[in-house]
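In case you want the letters, here they are:
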Amino acid sequence: MGLVQRQGIKYSIINWFGILIGALSIVFVYPLALEEYGAIRFFLDTTLFLFPVLSFGIGSVAIRFFPVFEEKSNGHHGYLGLLLLWGGISYIIFGLIALCLWGHISDFYAKKNPEISNYIWIIFPTSFFYLLNFILNQYVVNFGRIVIPSLLIDVSQKIVIPILLVVYIHGYISLEFMLCAIPGYLFLVSVLLYLYIQSLGENFLRIDFSFIDIKMVKNMLYYAVYGVIGGLGFFIVTKLDTWTVPTYIGLKSNGVYSISAFIAGIMEVPLRGIVIATTPLISKSWYNENIEQIKELYQKASINLFMAGLLLFGTFWVSVEPFFRVVANGEVLESGKILILILGVGKLFDMSAGLNNHILSYSNRFYLSYAQIILSALLGITVSVLLLPGYGMVGAALATVASTIFLNLLSLYFNWKYFRIQPFTMKFVKAFLIGLAAYSLVSFMPVPANNWWTIVIKSGTFATFFLLLVLRFRISPELNQAVFSFLEKARKKF
């Protein structure tokens, strides 16, 4: 777990910088341009929705088959070139299909949301550069490098979007220019990612076709088909709300919803770091049939992620009321309070399951992971159809959480049935009780009249009390070791 911890910690530190910028944007920028922010999120999230189809499952193939190609003396048999060729062909096919259906797509949005229909074409360049960035990022991840790609892809987006909105709000650029700047920014990221690969000495584009036989191609295509189906299903499970809200409710509502989802999504920063760091290890462990290493990763990741989720959600929720009193346009955003609660609970359950679906998807039972994603997606669509008309944004949030919990329950069942591994121990009960105790303490604290000081005192007290109890009861030996190692180094230095 040492390598995973180091990579996860570095990733989290980098992303906390992005989260800080995102938090400042939520307070001072996004509420001032809810419709415009909703439009930007719509185009980016629509790209995510289309990604499994336009990439033809390359996301699942890129890591799954790297151990087969890995051999630096032979340039990994041109694996990077193969991935780029794969992505280029699939994007061309997707583009031709989209052009044939363009009239129907334009008519649909002209009726459902005329504000979007004028700029729908931006999805084409946005999706292309998003695909290119994803391929380059997945290739780099195979070498255990996640910090620089995270800076270029995740953190930079949290900087660029607020800057564009601020410039737009002050009238220096038009809405069309702002939206067109998104694919331009993604192109710049592609260039920087490629230069980074060159700096690592892993820029091997010449494909070794003699290494690739018919059986390997069939296996890759077979796995990719499941990746397309599973990718679509996974988007529906996790991101259906980001498409239904702007399409059926409106861009302003999507602005409110996106801000609420961003706040709840802060909990996922440690999860994303652990997943990115461990998926190559999981893939190699299955390749080497090392089930014990997978079990160890599974259990340690789950308890650490559960604690992180409790800490982050609790730290925000104890100060949720004063938060809406200090944020710009807070009276409008306060309608998202219930959304943060619903989505936050869903994120917490997802984090407690840890590497759940990722373990299953890289195993020889990978087809089950896609089957359960499809079932969960169907549940999400059903709940959306039933709740969206009457409950609006709340219905969309409930549909997402219902499908997420159902997906994780299925993963838990399959991982236990076929591999006899599961992530839960009594440490989860202890961590939950510690979180409950910290929340109870802060709830009865006297607070000052100043909202900013209330946030600092209540959130700071919760976080401090929670961490002290977690260290006292040794819920995570890894955390204790990291903290005491840091204190020992600090003592020797000073």
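As shown above, the structure is provided for reference.
First, a word on scope: everything that follows refers to the structure included in this document. (Residues numbered from 1 in each chain as written. Predicted model: local features only at pLDDT ≥ 70, side-chain atom pairs only at ≥ 80, totals over all residues. Heavy atoms only, no water.)

With that out of the way, let us pick up the environment of Pro246. Checked against the element boundaries, Pro246 lands in helix α11 (residues 214–248). For Pro246, a relative accessible area of 0% gives the class buried. Residues Pro246 and Lys458, spaced 212 residues apart in sequence, show a C-alpha to C-alpha distance of 34 Å. (Helix = DSSP H or I, 4+ residues; strand = E, 2+ residues; numbered from the N terminus. Buried < 20%, exposed > 50% of the residue type's maximum accessible area, 1.4 Å probe, protein only.)

Orientation of helix α14 (residues 291–317) relative to helix α22 (residues 451–472), taken along the N-to-C sense of each, is 160°, at an axis distance of 9 Å. One finds that α14 runs roughly antiparallel with respect to α22. Every pair of crossing elements has a handedness; the one defined by α14 and α22 is right-handed. Contacts from Met307, Leu310, Leu311, Gly314 and Thr315 in α14 reach Ser459, Phe462, Ala463, Phe466, Leu467 and Val470 in α22. (Axes fitted to C-alpha atoms, helices over the stretch in contact; angles between N-to-C directions. Parallel < 35°, antiparallel > 145°, perpendicular 65-115°, else oblique. Left-handed = near helix turned anticlockwise from the far one by under 90°. Contact = heavy atoms within 4.5 Å.)

Note that Ser363 resides in the loop between α18 (356–361) and α19 (366–391). Looking at Ser363, its side chain comes within polar contact range of the main-chain nitrogen of Arg365, at 3.1 Å. In contact with Ser363, other than residues within four places in its own chain, are Arg64, Trp286 and Phe419. (Polar contact = N/O pair within 3.5 Å; in protein donor to acceptor, adjacent residues only side chain to side chain.)

Moving on to the pattern of salt bridges. In this structure the tally under the stated criterion is 4 salt bridges. The salt bridge involving Glu202 is made with Lys72; its shortest N-O contact spans 3.3 Å. Pair noted here: Glu202 is in the loop between α10 (175–200) and α11 and Lys72 is in the loop between α4 (66–69) and α5 (79–100), with a separation of 130 residues, a long-range link. (Salt bridge = Lys/Arg side-chain N within 4 Å of Asp/Glu carboxyl O.)

With that settled, the discussion passes to unusual backbone geometry. Negative phi is the rule for most residues except glycine; trans is the rule for most peptide bonds. Even without being glycine, His76 reaches a positive phi, approximately 50°. Take His76: it is sitting in the loop between α4 and α5. Although it is not a glycine, Glu289 sits at a positive phi angle of roughly 55°. Among the structural elements, Glu289 can be located in the loop between α13 (269–287) and α14. On the accessibility criterion, Glu289 (71% relative accessible area) is exposed.

Moving on to α10. An ideal rise of 1.5 Å per residue puts 38 Å on 26 residues; α10 measures up with 39 Å between its terminal C-alpha atoms. Those residues of α10 not exposed but buried are Met178, Leu179, Ile182, Pro183, Tyr185, Leu186, Val189, Ser190, Leu193, Tyr196 and Ile197. Where α10 is buried, its residues meet α2 (34–54), α5, α8 (123–141) and α9 (147–169). Immediately beyond the C-terminal end of α10, within one or two residues, lies Gly201, with a positive phi of roughly 75°. (Expected span 1.5 Å × (residues − 1).)

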